Amino acid sequence: MLAILGVALRAVRWHALLQAMEIDAGLGRLVRLYFVGTFFNIFLPSGFGGDAVRMMELARHSKRTPEAIGTVLVDRA
């Protein structure tokens, strides 16, 4: 239960970063992307596979690739 709450809170933090960059992405979509990213982080050899998936999906959705990559990196840090 706490793990799910942690993912939701990280998605809220990422949503705040995106709002500051004026990128419109729904909170529900970001929560789903976080869960997908967590899945890939568990099953891929590196811990960054999920971040790459989040970057790719957000860049495709927003059409703002540099900002999408930057917000994921800042969120990761």
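Reference entry: report on the structure contained in this document. Because the structure is predicted, anything quoted here is derived from the model rather than measured. Every chain's residues receive numbers from 1 upward, in the order its sequence appears when written. Local features are withheld for residues below a pLDDT of 70 in this predicted model, meaning they are given only at 70 or higher, and side-chain atom pairs are given and counted only at 80 or more; totals for whole chains, interfaces and linings count all residues. Only hydrogens and water are removed before side-chain values are computed, so all heavy atoms of the structure are retained for them.

1. As for the packing of aromatic side chains
Thinking step 1. Any two rings among Phe, Tyr and Trp, with Trp reduced to its six-membered ring, count as a pair given centres within 6.5 Å; such a pair is stacked if its planes are under 30 degrees apart, edge-to-face if over 60, and tilted if neither. Across all of its chains, the model carries three aromatic pairs by this definition.
Thinking step 2. Here phenylalanine 39 and phenylalanine 40 contribute two aromatic rings whose centre-to-centre distance is 5.5 Å and whose plane-to-plane angle is 85°, an arrangement assigned as edge-to-face.
Thinking step 3. An angle of 50° between the planes, with centres 4.8 Å apart, marks the rings of phenylalanine 39 and phenylalanine 43 as tilted. Of this pair, phenylalanine 39 and phenylalanine 43 both sit in helix 2 (residues 27-43), four residues apart, roughly one helical turn.
Thinking step 4. Looking at phenylalanine 43, the relative accessible area reads 59%, which means it is exposed.
Thinking step 5. Among the aromatic side chains, those forming a connected cluster through ring pairs are Phe39, Phe40 and Phe43. Helix and strand assignments come from DSSP, with helices taken as H or I runs of at least 4 residues and strands as E runs of at least 2, each series counted from the N terminus. Buried means the residue's accessible area, taken with a 1.4 Å probe over protein chains only, is under 20% of the maximum for its type, while exposed means over 50%, and partly exposed covers the values in between.

2. Notes on the pattern of salt bridges
Thinking step 1. Between Lys or Arg on one side and Asp or Glu on the other, a salt bridge is scored when a side-chain nitrogen of the former is within 4 Å of a carboxyl oxygen of the latter. As enumerated under the stated definition, the model contains three salt bridges in all.
Thinking step 2. Between arginine 54 and aspartate 51 there is a salt bridge; the shortest N-O distance is 3.5 Å. Residue arginine 54 and its partner aspartate 51 are both found in helix 3 (residues 49-62); the two are separated by three residues, about one turn of the helix.
Thinking step 3. A relative accessible area of 3% places arginine 54 in the buried class.
Thinking step 4. Ionic pairing is found between glutamate 57 and arginine 60, a salt bridge with its closest N-O pair at 2.7 Å.

3. As for the environment of tryptophan 14
Thinking step 1. With respect to the helices and strands, tryptophan 14 occurs in helix 1 (residues 2-20).
Thinking step 2. When the C-alpha positions of tryptophan 14 and leucine 30 are compared, they lie 7.7 Å apart, and in sequence the two are 16 residues distant.
Thinking step 3. Polar side-chain contacts of tryptophan 14 include one of 3.3 Å to the side chain of threonine 71. What qualifies as a polar contact is a pair of N or O atoms within 3.5 Å, subject to a donor-acceptor requirement within protein and to the restriction that residues adjacent in sequence count only when both atoms come from side chains.

4. A few points about a nonpolar patch on the surface
Thinking step 1. Together, Leu2, Leu5 and Leu9 give the surface a local cluster of nonpolar side chains, amounting to about 340 Å² of exposed area.
Thinking step 2. Mapped onto the elements, leucine 2 comes out in helix 1. Surface patches are defined over residues having more than 30% relative accessible area and no salt bridge, joining like charges when they lie within 9 Å and nonpolar side chains (Val, Leu, Ile, Met, Phe, Trp, Tyr) when within 5 Å. Areas reported as accessible are Shrake-Rupley estimates using a 1.4 Å probe. Residue values count occlusion only from the protein chains shown.

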